[in-house]
Amino acid sequence: MRRTNSFDVVPQSEQDEAVLRRLLDASASLWNQLTYERRQHFFAGESVWDSEHYYDEYVDVLGSATTQQITRVNDAAWRSFFETVEKADQEVSPPGYWGNQADGRDLRTYIRNDAYTISWGERSRLEVPIGSQLKDEYGFGRAERLRVVVRGEPHWQGDQGRLHLTYDDVDETYRAHQPVTVSDEGQATPTGSDVAALDIGANVLVACTTTAGDQYCYSGQEPFRQFRETTERIADAKAKLPGDQNTSKRIQRLYRKRSRRRDHAVNALLRDLVERLYDDGVETIYYGDLTGVLGEYWSVKANLKARTFWAHRQCLDQLTNVCEEYGIEVAATSEAWTSQTCPECGEREQTRRHRETLTCPCGFEGHADLVASRTLLEQSTNTAVRPTARPVRFQWDDHQWYPVDGDAVASNE
Ligand SMILES: [Zn+2]
């Protein structure tokens, strides 16, 4: 199984930072030159594979291993592009540049799996190779590598893959992403045979019911407030642009900030939920297809909100990844009618939804998203489910999801 460890990289002096920056910038420069030439050839209908003369130009700064590694990653990007072109009938774009003309190059690089070392400990360190020219300029010994401090915990142990180093110009931090191949031994397995169903939505990000009768509900209030706030700042910044311009560095930053905060909340949510379900003995999780959630039953406004907020594909990938860690199965299921079916009598047409509440002429009244997850679960497992306790409700405080009492999952419409 492939997993990824991510951690912060912290140069310990201005000089080390300068070296790291040169390494990343030269890598991006190599990538972009290679990409430019290959795109020219591609659009002229020529072969993209004759590009070996860049090696000599970069080897003194990047070193041999990294120069080759960047070229290989670029090769792989083109190979996968050609494979997609053959398979897909839709338009696909050839590999693109790292960065753009207005904002400059993206600082990043790839370090070959056997060319770097990380020693974990009280003061964890990463060592990466640099070229002879950098060594001379900055007074490194012949065999010396650049040494930086790393912060974070390695989540996964196993055979290390090529290291991806990036610079985030919003946070002004360097990050490392390390793929590792882990063995199947030590893989968590479910402790029970319960099933859970998730309803993914807008006001409540995720509502969940399990066959044991547990219910969880994660409020979208705070994540949406942040998302909306940044969206407004983007609109303001756009309004102030000169007429001939449609974006700016500031606007791009705000977009990235908005996505990053959302991803933080969503990733933390999925992990919190899956760990909870694992402890509950859940072995299978069903999730509704979001297109069902966004049916006509919803207001246009709620629809738009949910669509903009949820990066759906990415969210499901993350759900699958976290579940895989715990050995939990994930399956999609149709969610037709689930958000408007009465769980007591099965009525679909006459039920009414107002904000969070679903009411039925039979007298039933309940939290619409929780009801939807319950109905989804009943349909997927073909068994009746009885909620056993009060649902546990969670709010986001920018760091973690914490349980709250009572009706704190208020509408943020
Ligand atoms: Zn009813």
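Please refer to the structure placed before this passage.
Residues numbered from 1 in each chain as written. Predicted model: local features only at pLDDT ≥ 70, side-chain atom pairs only at ≥ 80, totals over all residues. Heavy atoms only, no water.

1. Some remarks on the sheet that holds strand E11 (residues 194–200)
Filter applied, for reference: A pair of strands is labelled paired if DSSP reports no fewer than 2 bridges between them. Runs of H or I in DSSP of at least four residues are treated as helices and runs of E of at least two as strands, each being numbered from the N terminus. Orientation is described by axes fitted as lines to C-alpha atoms, over the contacting stretch for helices, and by angles from 0 to 180 degrees between their N-to-C directions. A contact between two residues is defined here by any heavy atoms of the two lying within 4.5 Å.
Spatial strand order, E15-E14-E11-E12-E13-E19-E20: seven strands in an open sheet with mixed pairing. Both outer strands of the open sheet, strand E15 (329–333) and strand E20 (401–404), are each paired with one neighbouring strand and no more. Averaged over all pairs of adjacent strands, the angle between their axes in this sheet comes to 25 degrees, without regard to strand direction. Inspection of the sheet shows E11 paired to strand E14 (residues 282–288) by five bridges, in the parallel sense. Bridge pairing in E14 links Leu-198 to Tyr-287. In this fold helix H6 (residues 249–279) packs onto E11, strand E12 (204–210), strand E13 (215–219), E14, strand E19 (392–396) and E20, with an angle of close to 170 degrees to the strand it touches most, E13.

2. Side note on the sheet that holds strand E16 (residues 352–354)
Taken in spatial order, the three strands make up an open sheet running E16-E17-E18, and their pairing is antiparallel. This sheet does not close on itself; its edge strands, each paired only once, are E16 and strand E18 (365–367). Neighbour-to-neighbour, the strand axes of the sheet open up by a mean angle of 25 degrees, direction not taken into account. Pairing of E16 with strand E17 (residues 357–359), which is carried by three bridges, proceeds in the antiparallel orientation. When the sheet's bridge partners are listed, Arg-353 is paired in E17 with Leu-358. Packing against the sheet, helix H10 (residues 368–381) makes contact with E16, E17 and E18, and its axis sits at approximately 90 degrees to E18.

3. Let's talk about the coordination of the zinc ion
The reference angle at a metal is 109.5 degrees if four donors form a tetrahedron and 90 or 180 degrees if six donors form an octahedron. Quick reminder of the rule: Donor atoms: N, O and S within 2.8 Å of the metal, or within 3.2 Å for Na, K and Ca. Because water is excluded, sites can look incomplete. Under this scheme a four-donor centre is tetrahedral when all angles range from 85 to 135 degrees, a four-donor centre is square planar and a six-donor centre octahedral when opposite donors are above 155 degrees with the rest from 65 to 115, and any other centre is irregular. Only protein chains enter the area calculation, which uses a 1.4 Å probe; residues under 20% of their type maximum are buried, those over 50% are exposed, and those in between are partly exposed.
Distances from the zinc ion to its protein donors, namely Cys-342 (SG), Cys-345 (SG), Cys-360 (SG) and Cys-362 (SG), fall within the range 2.3 Å. Around the zinc ion sit four donor atoms; with metal-centred angles ranging over 105 to 116 degrees, the donor geometry is tetrahedral. Mapped onto the sequence, the donors of the zinc ion take the spacing C-x2-C-x14-C-x1-C. On the criterion of sequence distance, the pair formed by Cys-342 in the loop between E15 and E16 and Cys-362 in the loop between E17 and E18 is long-range, its members being 20 residues apart. Relative accessible area serves as the criterion here: at 2%, Cys-342 is assigned to the buried category. Looking at Cys-362, the relative accessible area reads 44%, which means it is partly exposed.

4. Brief notes about the pairing of E11
Of all seven residues making up E11, six are buried, and the element is well covered by its neighbours. Sheet topology places E11 next to E12; five bridges connect them, and they run antiparallel. From the neighbouring strand, Ala-196 faces E12, where its bridge partner is Thr-210. Hairpin connection from E11 to E12: three residues lie between these consecutive antiparallel strands.

5. Description of the packing of helix H1 (residues 14–43) against helix H3 (residues 64–87)
So the rule is basically this: The sense of a crossing depends on the near helix, which, turned anticlockwise from the far helix by less than a right angle, makes the crossing left-handed and, turned clockwise, makes it right-handed. In the scheme used here, Gly and all other residues not listed as nonpolar or charged are polar, with Ala, Val, Leu, Ile, Met, Phe, Trp, Tyr, Cys and Pro taken as nonpolar and Asp, Glu, Lys and Arg as charged.
Relative orientation of the contacting elements H1 and H3 amounts to 35 degrees, with a least axis distance of 10 Å. Here H1 runs over H3; the crossing is right-handed. Between H1 and H3, the residues in contact are Ser-27, Leu-30, Trp-31, Leu-34, Thr-35, Arg-38, Arg-39 and Phe-42 and Thr-66, Thr-67, Ile-70, Thr-71, Val-73, Asn-74, Asp-75, Ala-77, Trp-78, Phe-81 and Phe-82, respectively. Across the contact of H1 with H3, the residue classes break down as ten nonpolar, six polar and three charged.

6. A look at the pattern of salt bridges
This is how the line gets drawn: Salt bridges, as used here, are contacts in which a Lys or Arg side-chain nitrogen is within 4 Å of a carboxyl oxygen on Asp or Glu.
Counted under the stated rule, the structure contains 22 salt bridges. Between Glu-344 and Arg-374 there is a salt bridge, and its shortest N-O distance comes to 3.8 Å. Remark: Arg-374 occurs in helix H10 and Glu-344 occurs in the loop between E15 and E16; sequence separation between them is 30 residues. One connected set of salt bridges, linked through shared partners, spans Asp-8, Asp-168, Arg-175 and Arg-260.

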